[in-house]
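# Structural characterization, general
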Amino acid sequence: VCSAASKYLDLQVNQPLVPITRIKRTKVSSQGCMTEIHSLRQKLTRMKRILEEHGCEFQKSMESFLSQIDPHIARGHEFYAMQDLIRIEVQGRGCALYTKLSRFVAASSQHMRSCGTCAASASLCPICASGTPVFPFEIDTFYLCGGCGAGFHRACFQRASAECPMCLTLVSSQRCPSVSNVRAR
């Protein structure tokens, strides 16, 4: 690139300007690590939301951790700075961002599973009726219905033809009233 473009890029290297989900997959060697880091950031965003909604004391630990990382990473999971991408490409899983995120997300996950306050965010899947709760921060296995707010295992929801059985029950009960809802003449 020309020297003017190079100077501009050098000035922008630490700015969170890259919306990673809008970039098509590439065949670079760091793609796997990048996917893992993005998944960890998504989990962190959801965990932060759970702590805010439920007011758990662990929120102080979350705030302490977030103060140790770059502000754009603490704010959400969408944007990356070019410097982040360069570090991920060069250092892979050895980069500080990956190490910090993986350790803190693992500790937060362990806390949320054992804390009574945070466990209130979990759902029991009504499709498979499993006794194991599924948490909203489990981005690979959790699905939240936008209509009724019920939580499911993602695989169970897909086996149910991607139709929420809770919403279908609500719709069918509104169409076909029960005998108890019929008024006498």
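Since this is a predicted model, take the numbers as computed values, not measurements.

### So, the overall build of the chain
Looking only at helices and strands, the chain has 9 helices and 4 strands in total. When the helices and strands of the chain are read in sequence order from the N terminus, they spell out α-β-α-α-α-β-α-α-α-β-β-α-α. Residue burial in the chain is summarised as follows: out of 185 residues, 35% are buried. By sequence separation, contacts in the chain at least 24 residues apart represent 61% of the contacts at least 6 residues apart. Surface accessibility of the chain: about 11,700 Å² in total, with carbon and sulfur atoms responsible for 54%.

### Regarding the state of the cysteines
Overall, the coordinates contain 0 disulfides when judged by the stated rule. No disulfide involves cysteine 167; its sulfur sits 3.5 Å from that of cysteine 145, the nearest cysteine.

### A closer look at the pattern of salt bridges
Counting across every chain of the model gives 3 salt bridges. Measuring nitrogen to oxygen at the nearest pair gives 2.3 Å for the salt bridge that ties glutamate 36 to arginine 93. In this pair, glutamate 36 is assigned in helix H2 (residues 31–54) and arginine 93 in the loop between helix H5 (82–91) and helix H6 (96–114), connecting sequence segments 57 residues apart. Among the residues examined, glutamate 36 registers a relative accessible area of 29% and is labelled partly exposed. The exposure class assigned to arginine 93 is partly exposed, which follows from its relative accessible area of 44%.

### Quick word on the packing of H2 against helix H3 (residues 59–66)
For the pair H2 and H3, the least separation of the axes is 10 Å and the interaxial angle reads 140°. Taken as axis vectors, H2 and H3 run oblique relative to one another. Once H2 is placed against H3, the crossing between them reads as left-handed. Contact residues: H2 offers Leu44, Met47, Lys48, Leu51 and Glu52, while H3 offers Gln59, Met62, Phe65 and Leu66. Grouping the amino acids of the contact of H2 with H3 by side-chain chemistry returns 6 nonpolar, 1 polar and 2 charged.

### Let's talk about unusual backbone geometry
Notably, serine 161 is not glycine yet its phi reads approximately 60°, a positive angle. Positionally, serine 161 belongs in the loop between helix H8 (154–159) and helix H9 (165–175). Although it is not a glycine, alanine 162 adopts a positive phi angle of roughly 55°. Within the fold, alanine 162 resides in the loop between H8 and H9.

### Observations concerning the confidence of the model for the chain
In the predicted model, the chain carries a mean pLDDT of 84, and the fraction of residues at 70 or more is 85%. Per-residue pLDDT, averaged within each element of the chain, yields its smallest value for H9 (69) and its largest for H6 (94). Every residue in residues 178–185 scores below 50 in pLDDT, and together they form 0 contacts with partners more than four places removed in sequence or on other chains.

Basis of the calculations
Residues numbered from 1 in each chain as written. Predicted model: local features only at pLDDT ≥ 70, side-chain atom pairs only at ≥ 80, totals over all residues. Heavy atoms only, no water. Helix = DSSP H or I, 4+ residues; strand = E, 2+ residues; numbered from the N terminus. Buried < 20%, exposed > 50% of the residue type's maximum accessible area, 1.4 Å probe, protein only. Contact = heavy atoms within 4.5 Å. Areas by Shrake-Rupley, 256 points an atom, 1.4 Å probe, with all protein chains shown as cover. Disulfide = S-S within 2.5 Å. Salt bridge = Lys/Arg side-chain N within 4 Å of Asp/Glu carboxyl O. Axes fitted to C-alpha atoms, helices over the stretch in contact; angles between N-to-C directions. Parallel < 35°, antiparallel > 145°, perpendicular 65-115°, else oblique. Left-handed = near helix turned anticlockwise from the far one by under 90°. Nonpolar A, V, L, I, M, F, W, Y, C, P; charged D, E, K, R; others polar. pLDDT = per-residue confidence, 0-100.

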